[in-house]
Amino acid sequence: MSLPTRRQVLQVGGASLVATLAGCSGEGSSSSLDEPHGPSPDALVTDYDALTVRNDAETTIFRDAAREDEDTGSSYLDDFLVTTDEERENVAVAAEPDGIDEARAFIDETDLDEQTLVITQHRTDACHRVKLLYVTNPPDSVVHLDFCHPLRAASVECSVDDRHVVASLIRLPYSTDESSWGHGGGSSCRLPPSLRTETEDA
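Note that this is a predicted model, so its numbers are computed, not measured.

Cut-off values and rules
- Residues numbered from 1 in each chain as written.
- Predicted model: local features only at pLDDT ≥ 70, side-chain atom pairs only at ≥ 80, totals over all residues.
- Heavy atoms only, no water.
- Helix = DSSP H or I, 4+ residues; strand = E, 2+ residues; numbered from the N terminus.
- Disulfide = S-S within 2.5 Å.
- Buried < 20%, exposed > 50% of the residue type's maximum accessible area, 1.4 Å probe, protein only.
- Core = buried A, V, L, I, M, F, W, Y, C linked by side-chain atoms within 4.5 Å.
- Contact = heavy atoms within 4.5 Å.
- Arc of directions from axis to C-beta.
- Polar contact = N/O pair within 3.5 Å; in protein donor to acceptor, adjacent residues only side chain to side chain.
- Pairing = 2+ DSSP bridges.
- Axes fitted to C-alpha atoms, helices over the stretch in contact; angles between N-to-C directions.

## Let's talk about the environment of Asp 177
- For Asp 177, the location among the structural elements is in the loop between strand E9 (163-172) and strand E10 (182-186).
- Along the primary structure Asp 177 and Thr 116 are separated by 61 residues, whereas in three dimensions their C-alpha atoms are 9.7 Å apart.

Written out as structure tokens, the structure reads:
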């Protein structure tokens, strides 16, 4: 699609990164007003490895081999927290996009005695990327991943009507026995205020 379509997409915008606005009632404590909202800088994880694979189709790239549901079909996108060899064996390749061999090696080379593997999958239109914005290790969770969705390079021919699947593989520098984790994000690639002095703003 031509560049004007990209501008239309940019004007539409979308949900920004979720952030609570402390003290908006005017009656909140002064401490909540003074502290920048967002995750604690102490929880920020920076020494992780990451890899992205894009399928120029709507079908999932990875599927959970242990899942027996027949109604999930191609519309369902599995996410994975891999902490054991058994969980790794359940990560099945369901598509063969460019970079899938590198992704297989990334999965196989993860040392689960010392590391944790996370795989998330997102649907996006053909004109946007899925970018990992930051990674945190909150007290009540193995990991929380925040993503944003910037436009791809202007040289990329695309249409917003076409849907792609993007898989993000993240290798965390610690092992865990916990199972609680999550991910979120929005269209904005601006870091929350609490992290802007700790790492370079996107």
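## A few points about the state of the cysteines
- Considering all chains together, one arrives at two disulfides under this definition.
- The disulfide partner of Cys 127 is Cys 158, and the gap between their sulfur atoms is 2.1 Å. Handedness of the Cys 127-Cys 158 disulfide follows from its S-S torsion of about 110°: it is right-handed. Within this pair, whereas Cys 127 is found in the loop between strand E6 (116-125) and strand E7 (131-136), its partner Cys 158 is found in the loop between strand E8 (144-148) and E9, the two being separated by 31 residues in sequence.
- Exposure remark for Cys 127: the relative accessible area of 1% places this residue in the buried category.
- Under the relative-accessibility criterion, Cys 158 is labelled buried at 5%.
- In this model, Cys 148 is linked to Cys 189 through a disulfide, with the two sulfur atoms separated by 2.0 Å. Since a negative S-S torsion denotes a left-handed disulfide, the Cys 148-Cys 189 link at about 95° is right-handed. Pair noted here: Cys 148 is in strand E8 and Cys 189 is in the segment after E10, with a separation of 41 residues, a long-range link. Of the two residues, Cys 148 and Cys 189, both sit in the buried class.
- Ordering the disulfide-forming cysteines of the protein by sequence position, one finds them joined as 1-3, 2-4.

## A look at the nonpolar core
- In terms of nonpolar packing, the biggest core is built from 18 residues, with Ile 61, Phe 62, Val 91, Ala 103, Ile 107, Ile 119 and Leu 169 touching the most fellow members.
- Elements that contribute at least two residues to this core include exactly strand E2 (49-55), strand E4 (80-82), helix H4 (100-108), E6 and E9.
- Ranked by residues supplied to this core, first place goes to H4 with four residues.
- The residues touching Ile 119, leaving out its near neighbours within four places in the chain, are Phe 62, Asp 79, Phe 80, Val 91, Ile 107, Ser 168, Leu 169 and Trp 181.
- Membership of the second largest hydrophobic core comes to 14 residues, among which are Val 45, Val 142, Phe 147 and Val 166.

## Overview of H4
- Buried within H4 are the following residues: Ile 100, Ala 103, Phe 106 and Ile 107. What you see down the axis of H4 is that its buried residues fit within an arc of 110°, all on one side. The exposed set on the far side of H4, more than 90 degrees from its buried face, consists of Asp 101, Glu 102 and Asp 108.
- Summarising the contacts, the buried residues of H4 are in contact with E2, strand E3 (62-64), helix H3 (85-89), strand E5 (91-93), E6 and E9.

## Overview of the side chain of Gln 121
- Looking at where Gln 121 falls in the secondary structure, it is placed in strand E6.
- For Gln 121, a relative accessible area of 5% puts it in the buried group.
- At 3.1 Å, the side chain of Gln 121 and the side chain of Thr 60 are in polar contact.

## Digging into the sheet that holds E9
- Reading across from one edge, E2-E9-E6-E4 is the order of the four strands in this open sheet, with antiparallel pairing throughout. Bordering the open sheet on either side are E2 and E4, each of which pairs with just one other strand. Averaged over all pairs of adjacent strands, the angle between their axes in this sheet comes to 15°, without regard to strand direction.
- Of the strand pairs in this sheet, E2 and E9 are connected by seven bridges, and their pairing is antiparallel. The residue of E9 that forms the bridge with Thr 52 is Ser 168.

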